[in-house]
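# Chain and residue survey
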Amino acid sequence: MSRNDPRREAEEYLEQHNIRGLFKHLSTKLLFAKPEDPKMFLVEELRKVYDCQKDNQPIPSMFEDKDLVAMYGMFDVTGSGKISHQQVSQAMRNLGIDDYEAPSAEKVDLATFKAIAREELDKIALRMPPIE
């Protein structure tokens, strides 16, 4: 008689449905927004996640263009319109992207920074398994 390991089954379930990623996403959004009605906020977020899952799309990042512009501005303190790749790497870490490696030593303007940030954020975006 073969006995299933409940712990392994639970781990597989969590992995299969990306439950840890979902909870991390929901708790991050909740703590960032600090809504007046947290339960309704979570219901709305779950609807967004479901819609993205239904369309087989990643869940959009919580960072908007204005946030990326503000992040860039924190590193372009002299207003030169360019920041170093070392600064880009630090900005990526501030956005929760720990494995970004700068491809060159050239300075980066705002448009390039936003493109890099969007690409890197998409790599770490929450993806839920397709709805069957």
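We now turn to the structure provided with this report. (Residues numbered from 1 in each chain as written. Predicted model: local features only at pLDDT ≥ 70, side-chain atom pairs only at ≥ 80, totals over all residues. Heavy atoms only, no water.)

## Digging into the overall build of the chain
This is how the line gets drawn: Secondary structure elements follow DSSP: runs of H or I of four or more residues count as helices, runs of E of two or more count as strands, with numbering from the N terminus. Computation of the radius of gyration draws on C-alpha atoms, with the globule rule given as 2.2 Å multiplied by the number of residues to the power 0.38. Each residue is assigned to one of three classes by its accessible area relative to the maximum for its type, calculated with a 1.4 Å probe on protein chains only: buried under 20%, partly exposed between the two thresholds, exposed over 50%. Shrake-Rupley sampling with a 1.4 Å probe provides the accessible areas, and residues are treated as covered by the protein chains on show and by no other component. Note on charges: Lys and Arg go in the positive column, Asp and Glu in the negative column, and His and the chain ends are not counted at all. Taken as the charge location is NZ of Lys, CZ of Arg, CG of Asp or CD of Glu.
Scanning the chain from terminus to terminus reveals six helices and zero strands. Taking 2.2 N^0.38 as the reference for a compact globule, 132 residues should give roughly 14 Å; the C-alpha atoms of the chain span a radius of gyration of 19 Å, well beyond that estimate. Dimensions of the chain along its principal axes, counting C-alpha atoms only, are 70 × 40 × 25 Å. For the chain, with 132 residues in total, the buried portion stands at 28%. Accessible surface, the chain: about 9500 Å² in total, of which carbon and sulfur atoms supply 53%. Separation between the mean location of the 19 positive side-chain charges and that of the 24 negative ones in the chain comes to 3 Å.

## Details of the packing of aromatic side chains
Stated precisely, the cut-off is as follows: Centres within 6.5 Å are what make two rings of Phe, Tyr or Trp a pair, Trp counting through its six-membered ring; a difference in plane orientation under 30 degrees is then read as stacked, over 60 as edge-to-face, and the rest as tilted.
This structure, assessed with the given rule, holds one aromatic pair. With a centroid separation of 5.5 Å and an interplanar angle of 55°, the aromatic rings of tyrosine 72 and phenylalanine 113 are classed as tilted. You can see tyrosine 72 sitting in helix H4 (residues 65-75) and its partner phenylalanine 113 sitting in helix H6 (residues 110-124), a full 41 residues away along the chain. Summarising the burial analysis for this pair, tyrosine 72 and phenylalanine 113 share the class buried.

## Things to note about the layout of surface pockets
Short version of the rule: Points on a 1 Å grid over protein atoms alone make up a cavity when a 1.4 Å probe fits among them but cannot get out, and a pocket when they form an open set with protein on both sides within 12 Å along at least five of seven lines; lining residues each have an atom within 4 Å of a point. Grid points are joined across faces, edges and corners, and a volume is the space filled by probe spheres set on the points. Each residue is assigned to one of three groups, with Ala, Val, Leu, Ile, Met, Phe, Trp, Tyr, Cys and Pro labelled nonpolar, Asp, Glu, Lys and Arg labelled charged, and all others, Gly among them, labelled polar.
In this structure, the largest pocket occupies an estimated 500 Å³ of space. In this structure, the largest pocket is lined by 18 residues; those nearest its centre are Lys24, His25, Ile124, Ala125 and Leu126. Breaking the lining of the largest pocket down by element, the ones donating at least two residues are helix H2 (19-33) and H6. It is H2 that provides the largest number of residues to the lining of the largest pocket, a total of five residues. Considering only residue class, the lining of the largest pocket consists of nine nonpolar, five polar and four charged.

## Topic: H6
Defined as follows: A helix's residues, less one, multiplied by 1.5 Å, set its expected span. Of all possible arcs, the one meant is that of the directions from the helix axis to the C-beta atoms. By the convention used here, residues are in contact when the closest approach between their heavy atoms is within 4.5 Å.
The first and last C-alpha atoms of H6 sit 21 Å apart over 15 residues, in line with the 21 Å expected at 1.5 Å per residue. Taken as a whole, H6 has its buried residues at Phe113, Ile116, Ala117, Glu120 and Leu121. Buried residues of H6 fall within an arc of 130° about the axis and therefore sit on the same side. For H6, the secondary structure elements touched by its buried residues are H4 and helix H5 (85-94).

## A short note on the packing of H2 against helix H3 (residues 38-54)
For clarity, the threshold we go by: Angles shown run from 0 to 180 degrees and are taken between the N-to-C directions of axes, each axis being a line fitted to C-alpha atoms and, for helices, limited to the stretch in contact. Angles are sorted into four bins: roughly parallel if under 35 degrees, roughly antiparallel if over 145, roughly perpendicular if 65 to 115, and oblique for all others. Left-handed is the label given to a crossing in which the near helix is rotated counterclockwise from the far helix by less than a right angle, and right-handed is the label when the rotation is clockwise.
For the pair H2 and H3, interaxial distance at closest approach is 10 Å and the crossing angle is 135°. Classified by the interaxial angle, the pair formed by H2 and H3 is oblique. Where H2 crosses over H3, the two elements pack in a sense that is right-handed. Residues Leu22, His25, Leu26, Lys29, Leu30 and Ala33 of H2 form the contact with H3, whose participating residues are Pro38, Phe41, Leu42, Glu45, Leu46 and Val49. In the contact of H2 with H3, the residues fall into nine nonpolar, one polar and two charged.

By themselves, these are just geometric observations and shouldn't be taken as functional.
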